[in-house]
Amino acid sequence: MAQKNPLQRQSKSCNLQRPLGVTTQKKRGEKPKLERKAKMALLNTAAGNTKILKSQKGTDFRIASLSLYPDDKICPAAILAGCKAPCLVSAGRGAMGTVAQGRKNKTAFWHRDKDLFLETLEKEMRNFIKLCNKQGKRAAFRLNTISDIPWERYGLPDLFPEALLYDYTKSAARLGKTPENYRLMFSYSQETKYQKQVARALETDCPIAVVFRGFVPEGSYFMGREIIDGDKSDLINLEKGQGKIIGLKLKGGKATQQSQSRFIVEPWQATNCPAQMQNDCNPHDLATAGRGFAVAAE
Ligand code: SF4
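All of these numbers come straight from a predicted model, not from anything done at the bench.

## Here we look at the site of the ligand
Okay, so step 1: Every residue close to the ligand is listed here: Pro70, Cys75, Ala77, Ala78, Ala81, Cys83, Lys84, Cys87, Ile146, Ser147, Asp148 and Lys170.
Okay, so step 2: Among the secondary structure elements, those contributing two or more residues to the shell around the ligand are helix 3 (78–81) and helix 4 (84–91).
Okay, so step 3: Among the residues forming the shell around the ligand, the class breakdown is eight nonpolar, one polar and three charged.

## What to know about helix 6 (residues 114–134)
Okay, so step 1: With 21 residues, helix 6 extends 30 Å from end C-alpha to end C-alpha; this agrees with the ideal 30 Å at 1.5 Å per step.
Okay, so step 2: All buried positions along helix 6 are accounted for by Phe117, Leu118, Thr120, Leu121, Met125, Phe128, Ile129 and Cys132.
Okay, so step 3: In the stretch just after helix 6, Gly136 is the one whose phi turns positive, near 70°.

## Thoughts on the pairing of strand 5 (residues 208–212)
Okay, so step 1: Burial analysis of strand 5 places five of its five residues in the buried class, the great majority of the element.
Okay, so step 2: Neither face of strand 5 is exposed, since Ile208, Val210 and Phe212 on one face and Ala209 and Val211 on the opposite face are all buried.
Okay, so step 3: The sheet contact formed by strand 4 (residues 182–187) and strand 5 spans two bridges and is parallel. The residue bridging Ser187 from the neighbouring strand is Ala209, located in strand 5.
Okay, so step 4: Examined bridge by bridge, strand 5 and strand 8 (residues 245–249) share five bridges and lie parallel to one another.

Thresholds, definitions, all that
- Residues numbered from 1 in each chain as written.
- Predicted model: local features only at pLDDT ≥ 70, side-chain atom pairs only at ≥ 80, totals over all residues.
- Near = placed C-beta within 6 Å.
- Helix = DSSP H or I, 4+ residues; strand = E, 2+ residues; numbered from the N terminus.
- Nonpolar A, V, L, I, M, F, W, Y, C, P; charged D, E, K, R; others polar.
- Expected span 1.5 Å × (residues − 1).
- Buried ≥ 20, exposed ≤ 12 C-beta atoms within 10 Å, placed from the backbone.
- Pairing = 2+ DSSP bridges.

This is the structure in structure tokens:
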């Protein structure tokens with residue numbers, strides 16, 4: 001199948017949607033201003049993240065990812081979901097400071113100059129797609145590894161229709177609103193204030209990711225949906241997770257493991273029956289059902 005040329009699309013959609021922020025016009029006699037360049041690379045194209053590496057292994061995809069550092073602006077639902085504290089621990093874990101600092105620098109860059117950030121990101125994405133084409137691979141991007149930015153609003157999926165973009169999100173309003181090549185999975189929290197988002201996500205058949213402490217109760221049910229093991233591959237989760245719970249084992253050190261964040265679900269909260277919602281079945285009903293069974297068996 002013929003590949004679409006991303007450069008052609010760029011001139012149509014992206015430039016019209018927002019200015020790139022590069023000054024090229026000059027008055028007569030005035031020296032042209034130098035094109036602004038970012039001082040840092042944004043994408044990790046070496047699959048340095050274990051989950052990314054696992055996800056692309058054995059597939060015809062190569063995945064590039066972008067890791068920022070969570071804050072209230074790039075994670076607008078984090079306060080509602082109560083996920084920020086455990087997330088910050090894992091975001092800051094990398095290399096005891098240097099990786100975390102790199103993520104903070106990129107986040108500061110995003111807040112300071114979105115136009116230049118996007119211009120840099122687009123260039124890196126284009127180069128990565130070219131590299132993948134040369135290697136006979138398909139390009140995939142996970143741009144919200146540790147953030148929740150609505151990239152669809154900045155035209156990125158439209159700009160690169162030949163690539164797959166995917167992310168986890170805590171914003172249910174984004175579900176079903178992204179282009180075909182930008183696939184989202186909803187990320188659960190049992191925080192009370194967040195339950196409207198959860199209810200909205202349950203109205204869709206979007207995969208719902210749930211973090212379990214200790215182990216993933218695969219094959220059991222949560223919120224009436226079957227739990228599958230989501231730790232194998234994000235790409236499998238996208239494909240097989242429709243209408244399911246993507247069970248993820250809580251990662252991280254002692255502090256994270258002991259966290260009481262309501263972002264974390266205990267395995268005993270899963271149930272054996274899709275109709276049973278978090279152990280709220282009435283024992284009387286069970287007894288009645290058992291009696292019926294006994295009668296039927298007679
Ligand atoms: S879990 Fe997601 S939304 Fe919450 S703080 Fe981390 S990256 Fe942001």
